[in-house]
Amino acid sequence: MNWNIGDVLVKSVIELDISVDPDFSLPDATAKNLSSDFDWLKPYFVDQDGRLKFRVQALLIESYGQKIIIDTCIGNDKKRAEPAFNELNGFFLEDITKAGFSRHDVNIVVCTHLHYDHVGWNTMKVHGEWIPTFPNARYLMAESEVKYCKEQEDDFWVKTFGDSVAPVFKAGLVDLVDCNYQITPEIRLFHTPGHTPGHCSVAITSQGKNAVITGDVMHHPCQCAHPDWLCTADTSPEQAEATRRAFLEKVSEQNILVIGTHWSAPKPVKISKHNMAWKVDIA
Ligand SMILES: [Zn+2]
C-alpha cells in the first residue's frame, strides 16, 4: 500500500494483520454495536464475524533526501503480555529492505508515542543484547512522552522502555523534540494528546496536497462514528475523545488524506461528516 502526497511517497510495511475482540482495545466495538449503521466498515475494516481488523505497520517516507520511518511496530523476540505480540519472528527487516529502506540507510525514526507496538523495531536482539536497529538514524521522541514514560512503574511501560527505548538513548541516537516539530519542509509532528500525554501525529504537505498519519489518535475507523469509544490504553480518556473530535473535524473540513496507523485500508481514505459524527470514504 502506497500513498502519493505531492512529491512525497509513503509506503506501508505491514508487520501484522489480525482480527481482534473488543476487549483487545475497544470494549464498545462489539459485533452487536457494529451491526447497525456501520455498513461502510465492510469488508475492509471488520471481518465476516464482525471482529475488528487491526494492522501493525511501519510507514516509510522519503522527503528532502531523508529516509524516515514512522513507528517501528512490535519487533522480533520481544517478550510481551499480549499473546499476538509476544516473541514474534517475522520478516520486517527483509521487508523494509525490499521497500528501499535497509536499516543502515534510515536517517530518521519517529516514535509517535512509546507504546510497545510503535517502538519495537527501535532495537533488535544480537547475541542476547538489544542494539539499535537503525545505527545511522536519529530517533525522534517527544520530550514530554519520554518524561511521562520514565515516571511509570507498571510493566507495560517499564519493559518497553528497557528493551526498546533505553538502548537507543544509551547509543546517543535520541533527539528529544517538542510535540510540534518540523522534520523536513514537508513533514511535521503535531501534538495529539490523550492516548498518551506526548502523543504526536504526523502531517505531510507537498505541492498543495495534505495528509496525516494518525498514530493512535484512533485505533480503528469505527471511532470516526464513535469518537466517544475509548481505547483501553488511552491515558486520559476525556482528552483522547476531545483530540479525536478536533482531529476528525479538521481532516473532514479540509479534505485531508488520512493514513491510519492501525487501519487495514486497501486504498487511500478520506473522512466525511455522517450522522452527527464521521465516516471513512474509500477513494
Ligand atoms: Zn498502537
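Fair warning: this is a prediction, and the values are worked out from it, not measured in the lab. (Residues numbered from 1 in each chain as written. Predicted model: local features only at pLDDT ≥ 70, side-chain atom pairs only at ≥ 80, totals over all residues.)

1. Topic: the nonpolar core
Grouped together as the largest cluster of nonpolar side chains are 78 residues, with contacts concentrated most on Ile 69, Ile 70, Val 109, Val 110, Leu 140, Val 202 and Ile 259. No other element matches strand S3 (residues 52–63), which puts 7 residues into this core. Contact partners of Val 109, with chain neighbours within four places excluded, come to Ile 69, Thr 72, Asn 122, Phe 134, Ala 137, Tyr 139 and Leu 140. (Core = buried A, V, L, I, M, F, W, Y, C linked by C-beta atoms within 7 Å. Buried ≥ 20, exposed ≤ 12 C-beta atoms within 10 Å, placed from the backbone. Helix = DSSP H or I, 4+ residues; strand = E, 2+ residues; numbered from the N terminus. Contact = placed C-beta atoms within 7 Å.)

2. Description of the environment of Ala 81
Structurally, the position occupied by Ala 81 is in the loop between strand S4 (66–70) and helix H1 (92–98). Taking C-alpha positions, Ala 81 is 28 Å from His 226, a pair spaced 145 residues apart along the chain.

3. Points about helix H4 (residues 155–170)
Phe 161 marks where H4 bends most, by close to 45°. Among the residues of H4, Thr 160, Asp 163, Ser 164, Val 165 and Val 168 are the ones counted as buried. For H4, the elements touching its buried residues are helix H2 (116–119), strand S6 (123–126), strand S7 (129–132), strand S8 (138–142) and strand S9 (174–177). Looking at the residues trailing H4, positive phi occurs at Gly 172, about 75°. (Bend = angle between axes of the 7 residues up to and from the residue.)

4. Quick word on the environment of Trp 3
Here Trp 3 lies in strand S1 (residues 2–5). Spatially, the C-alpha atoms of Trp 3 and Glu 15 are 18 Å apart, while their sequence positions differ by 12 residues. The contacts of Trp 3, once residues within four sequence positions are left out, are Val 10, Ala 211, Leu 257, Ile 259 and Pro 268.

5. Description of the sheet that holds S3
In spatial order, the strands read S1-S2-S3-S4-S5-S8-S9; together these 7 strands make up an open sheet with mixed pairing. The open sheet has two edge strands, S1 and S9, and neither has a second partner. When the angles between neighbouring strand axes are averaged without regard to direction, this sheet yields 25°. In this sheet, S8 lies alongside strand S5 (residues 108–110) in parallel orientation, the contact comprising 3 bridges. (Pairing = 2+ DSSP bridges. Axes fitted to C-alpha atoms, helices over the stretch in contact; angles between N-to-C directions.)

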